[in-house]
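This is what each chain is made of:
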Amino acid sequence: MTTFALLCLLALSGAALLLIAGQIAEARRVPRSRAAQADAPGGFLRLRQGRTHVRWDGPEGGRVVVCVHGLSTPLRVFDPLTERLAKAGYRVLRYDHFGRGLSDAPMSRQDAAFFTRHLRDVLDACGLRDPVPFVGYSMGGAVVTAFADCFPERTSGICLLASGGLRDAPSGVYGLSTSVPVLGDALWSLLGPRTLTRDDAKVDVRHLPDFPHIVAQEVGRRGTLPSHLSSMRHLLAERQEARHGRLASRGMPVLAIWGDSDLVIPLVSKDRLAGANPAAQQLVLPDAGHDLAFTRPDELADAVIGWLSGRMPGG
């Protein structure tokens, strides 16, 4: 056997081992069970693509605000902000994306159409036909941007918290996993949990003390890691500037809030949004990272409530 043939054989053997290890890791994760769903707070909607976990907070009859979470954390990431909005009299609706939290994990291509269809179905099932404002965190910002673009008649405005869809391609484990077919799936299955828990290891959890447990539960559920990867390869690979340009032409109210210490969504995204939609209101929180959705709830609540009331950020 030649040296080249031997190297090829070793490479193929390594790839095969990687694939098998990734499949074993996913199979050992905890399946989403009906028993766990039955004990969950909130309720479940039986939608076309699967059961969806939803929660309502705040007084009945209050103005509705819909909060849409991001790539790797479920609806509970909004607990601190929801508490403050509810105390201010708002009726807050949250839901888990498919493959996150306690919602089902159908194996589908998670692109913009997938997420906007899910959000539309949630609104329909909850009887929300009139326009409502949306708060989207991280990937959730890309979701609500796409929804507002597709369904402007159902959107009264969007608030974006460290929004995805305006940054360059990811690097490191994220970049390798999304850019390499098949083997990337195995790589993310094996390294994704460690990457996510490592990234969140130094997060300030004063306002959400069980955040580490939430993350550990997420990466331990079957179907979560493949859902992450599909979202990164599709929705988050779609640049949002054109959508923001159309929202600007329609006069859609937009508030974007960024952290100046965000290592996931850098502040260049703020400049790109300004280029696509000069009318968008923007606010930068000093010393805030990508976790601002739950680490800076007082400032966020003030900004969101002010925006909903027609005031400029910080006004």
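Everything below is about the structure shown above.
Just so it is clear, the structure is predicted and the values come from calculations on it, not from any experiment.

**Q** Help me understand the overall build of the protein chain, please; the structure alone is not making it clear to me.
**A** For the protein chain, the count of helices and strands is 13 helices and 8 strands. Compactness check: the protein chain gives a C-alpha radius of gyration of 20 Å against a globular reference of 20 Å for 315 residues, within 12% of the reference. Split into buried and exposed, the 315 residues of the protein chain put 53% on the buried side. If you sum the accessible surface of the protein chain, you get close to 13,800 Å²; carbon and sulfur atoms cover 58% of it. For the protein chain, the distance from the average position of its 36 positive side-chain charges to the average position of its 31 negative side-chain charges is 4 Å.

**Q** Help me understand the pattern of salt bridges in this model?
**A** Pairs can form between side chains of opposite charge whenever their charged atoms are close. With the rule as written, the count across this model stands at 21 salt bridges. Its salt-bridge partner being D210, residue R76 comes within 2.6 Å of it at the nearest N-O pair. Residue R76 is found in the loop between β3 (64-68) and α3 (79-87), and its partner D210 is found in the loop between α7 (183-199) and α8 (211-219); the two are separated by 134 residues along the sequence. Note that R129 is salt-bridged to D124, the shortest N-O span being 3.0 Å. A residue is classified by how much of its surface remains accessible, and R129, at 55% relative accessible area, is exposed. Judged by relative accessible area, D124 falls into the partly exposed class, the value being 25%. Connected through shared salt-bridge partners, D57, R76, D79, R94 and D210 make up one network.

**Q** I keep staring at unusual backbone geometry and nothing clicks. Help me out?
**A** What is expected of a backbone is that most residues other than glycine have negative phi and most peptide bonds are trans. Positive phi, normally seen in glycine, also occurs at S138, with a value near 55 degrees. Residue position: S138 is located in the loop between β5 (132-137) and α5 (139-150). With relative accessibility at 11%, the residue S138 sits in the buried group. Even without a glycine there, the phi angle at V182 is positive, about 65 degrees. Note on placement: V182 falls in the loop between α6 (172-179) and α7.

**Q** Before we go on, may I ask you to explain helix α13 (residues 297-308) in this structure?
**A** One full turn of an α-helix is made of 3.6 residues, so residues set three or four places apart face in the same direction. Between its first and last C-alpha atoms α13 spans 16 Å; for 12 residues at 1.5 Å apiece the expected length is 16 Å, and the two agree. With 9 of 12 residues buried, α13 lies mostly within the body of the structure. Those residues of α13 lying buried are P297, L300, A301, A303, V304, I305, G306, W307 and L308. Of the residues flanking the end of α13, it is G310, one or two places downstream, whose phi is positive at about 90 degrees.

**Q** What am I meant to see in the sheet that holds strand β4 (residues 91-95) here?
**A** Whether parallel or antiparallel, the strands of a sheet pair through hydrogen bonds between backbone atoms. One open sheet holds the 8 strands; their spatial order is β1-β2-β4-β3-β5-β6-β7-β8, and the pairing between them is mixed. Both edges of this open sheet fall to β1 (43-47) and β8 (281-285), since each of them pairs with a single strand only. For this sheet, the mean angle separating the axes of adjacent strands, direction not counted, is 20 degrees. In the sheet, strand β6 (residues 155-161) pairs with strand β7 (residues 254-259) via 4 bridges, with the strands oriented parallel. Bridged to L160 within β7 is A256. Along the sheet, helix α4 (residues 112-125) contacts β1, β2 (50-57), β3, β4 and β5; its crossing angle with β1, the most-contacted strand, is approximately 115 degrees.

**Q** I tried to follow the packing of aromatic side chains on my own but got confused; where do I start?
**A** For any pair of aromatic rings, the description consists of the separation of the ring centres together with the inter-plane angle of the planes. All told, the structure shown has 7 aromatic pairs when counted by the stated rule. Among the aromatic side chains, those forming a connected cluster through ring pairs are F98, F114 and F115.

**Q** What is the right way to look at the pairing of β5 in this model?
**A** If a strand is regular, its side chains alternate between the two faces of the sheet. With 6 of its 6 residues buried, β5 lies for the most part within the structure. Both faces of β5 are covered, namely the face carrying V132, F134 and G136 and the face carrying P133, V135 and Y137. By the bridge criterion, 3 bridges tie β3 to β5 in an arrangement that is parallel. Paired with V66 across the bridge in β5 is F134. In this structure, β5 lies alongside β6, joined through 6 bridges in parallel fashion. Bridge pairing in β6 links Y137 to L161.

Rules and cut-offs
- Residues numbered from 1 in each chain as written.
- Predicted model: local features only at pLDDT ≥ 70, side-chain atom pairs only at ≥ 80, totals over all residues.
- Heavy atoms only, no water.
- Helix = DSSP H or I, 4+ residues; strand = E, 2+ residues; numbered from the N terminus.
- Rg over C-alpha atoms; globule rule 2.2 N^0.38 Å.
- Buried < 20%, exposed > 50% of the residue type's maximum accessible area, 1.4 Å probe, protein only.
- Areas by Shrake-Rupley, 256 points an atom, 1.4 Å probe, with all protein chains shown as cover.
- Lys, Arg positive; Asp, Glu negative; His and termini not counted.
- Charge placed at Lys NZ, Arg CZ, Asp CG, Glu CD.
- Salt bridge = Lys/Arg side-chain N within 4 Å of Asp/Glu carboxyl O.
- Expected span 1.5 Å × (residues − 1).
- Pairing = 2+ DSSP bridges.
- Axes fitted to C-alpha atoms, helices over the stretch in contact; angles between N-to-C directions.
- Contact = heavy atoms within 4.5 Å.
- Phe/Tyr/Trp six-rings, centres within 6.5 Å; stacked < 30°, edge-to-face > 60°.

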